[in-house]
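Below, each chain spelled out in residue letters.
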Amino acid sequence: MHPLVRVILKNSVIAALSLALIGHLLARGYLMFYQMQSGASYDPANERVLWQAPLNMALIGLVFTAMLTAVMYSIRKPKQQQSGISSPTTGNVNPG
């Protein structure tokens, strides 16, 4: 697997899970606030916010994190490999 793919997967999964948790907490807060404002009435149509908010936040975070990681990888210059073997005692590079 290409190193870029591993970095994108790791960063995207971390961002998606974090944003899904935040989205779930915001959805719970929205439902509590909505029930307080409407006199504690229950509307089953509003329950979809519990899965829609975390899903949308996770997908948006996943896409933006993957795009930003790919852009930063393309902008960053790759390290130049040195030819030869370095000596462990002197640190000098032998021409090779």
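Everything discussed here concerns the structure shown above.
All of the points below concern the structure found in this document. (Residues numbered from 1 in each chain as written. Predicted model: local features only at pLDDT ≥ 70, side-chain atom pairs only at ≥ 80, totals over all residues. Heavy atoms only, no water.)

Some points on the overall build of the protein
Broken down by element type, the protein carries two helices and zero strands. Counting all 96 residues of the protein, 17% fall into the buried class. Across the protein, every contact between residues at least 6 apart in sequence was considered, and the portion connecting residues at least 24 apart equals 56%. Looking at the protein as shown, the accessible area adds up to about 7800 Å², and 67% of this sits on carbon and sulfur atoms. (Helix = DSSP H or I, 4+ residues; strand = E, 2+ residues; numbered from the N terminus. Buried < 20%, exposed > 50% of the residue type's maximum accessible area, 1.4 Å probe, protein only. Contact = heavy atoms within 4.5 Å. Areas by Shrake-Rupley, 256 points an atom, 1.4 Å probe, with all protein chains shown as cover.)

Some points on the packing of aromatic side chains
Per the counting criterion, the structure on display carries one aromatic pair. On the numbers, 6.1 Å between centres and 25 degrees between planes, the contact of Tyr 30 with Tyr 34 is stacked. Within this pair, Tyr 30 and its partner Tyr 34 are both found in helix H1 (residues 3-37), separated by four residues, close to a single helical turn. You can call Tyr 30 partly exposed: its relative accessible area is 40%. Residue classification places Tyr 34 among the partly exposed residues on the basis of a relative accessible area of 31%. (Phe/Tyr/Trp six-rings, centres within 6.5 Å; stacked < 30°, edge-to-face > 60°.)

Let's talk about a nonpolar patch on the surface
Together, Trp 51, Leu 55, Leu 59, Ile 60, Leu 62, Val 63, Phe 64 and Met 67 line one region of the surface with nonpolar side chains, adding up to about 790 Å² of accessible area. Among the structural elements, Leu 55 can be located in helix H2 (residues 49-75). Given a relative accessible area of 41%, Leu 55 falls into the partly exposed group. (Patch = residues over 30% accessible without salt bridge, like charges linked within 9 Å, V, L, I, M, F, W, Y side chains within 5 Å. Salt bridge = Lys/Arg side-chain N within 4 Å of Asp/Glu carboxyl O.)

Quick look at H2
Over its 27 residues, H2 runs 38 Å from end to end, which matches the ideal 39 Å to within 8%, given 1.5 Å per residue. Buried within H2 are the following residues: Val 49, Leu 50, Pro 54, Ala 58, Gly 61, Thr 65 and Thr 69. On its buried side, H2 packs onto H1. (Expected span 1.5 Å × (residues − 1).)

Side note on the side chain of Ser 12
Following the sequence through the fold, Ser 12 ends up in helix H1. Those residues in contact with Ser 12 that sit more than four places away from it in its chain are Leu 62, Thr 65 and Ala 66.

Section: the packing of H1 against H2
At a closest axis distance of 7 Å, the pairing of H1 and H2 adopts a crossing angle of 150 degrees. By the criterion of interaxial angle, the relationship of H1 to H2 is roughly antiparallel. Classified by chirality, the crossing of H2 by H1 is right-handed. For the contact of H1 with H2, the per-class residue count stands at 22 nonpolar, seven polar and one charged. (Axes fitted to C-alpha atoms, helices over the stretch in contact; angles between N-to-C directions. Parallel < 35°, antiparallel > 145°, perpendicular 65-115°, else oblique. Left-handed = near helix turned anticlockwise from the far one by under 90°. Nonpolar A, V, L, I, M, F, W, Y, C, P; charged D, E, K, R; others polar.)

Let's talk about H1
The end-to-end C-alpha distance of H1 is 51 Å, a good match for the 51 Å that 35 residues give at a rise of 1.5 Å each. All of the buried residues in H1 are Leu 4, Ile 8, Ser 12, Ala 15, Ala 16, Gly 23, Ala 27 and Leu 31.

All quantities given are derived from atomic positions and should not be read as evidence of function.
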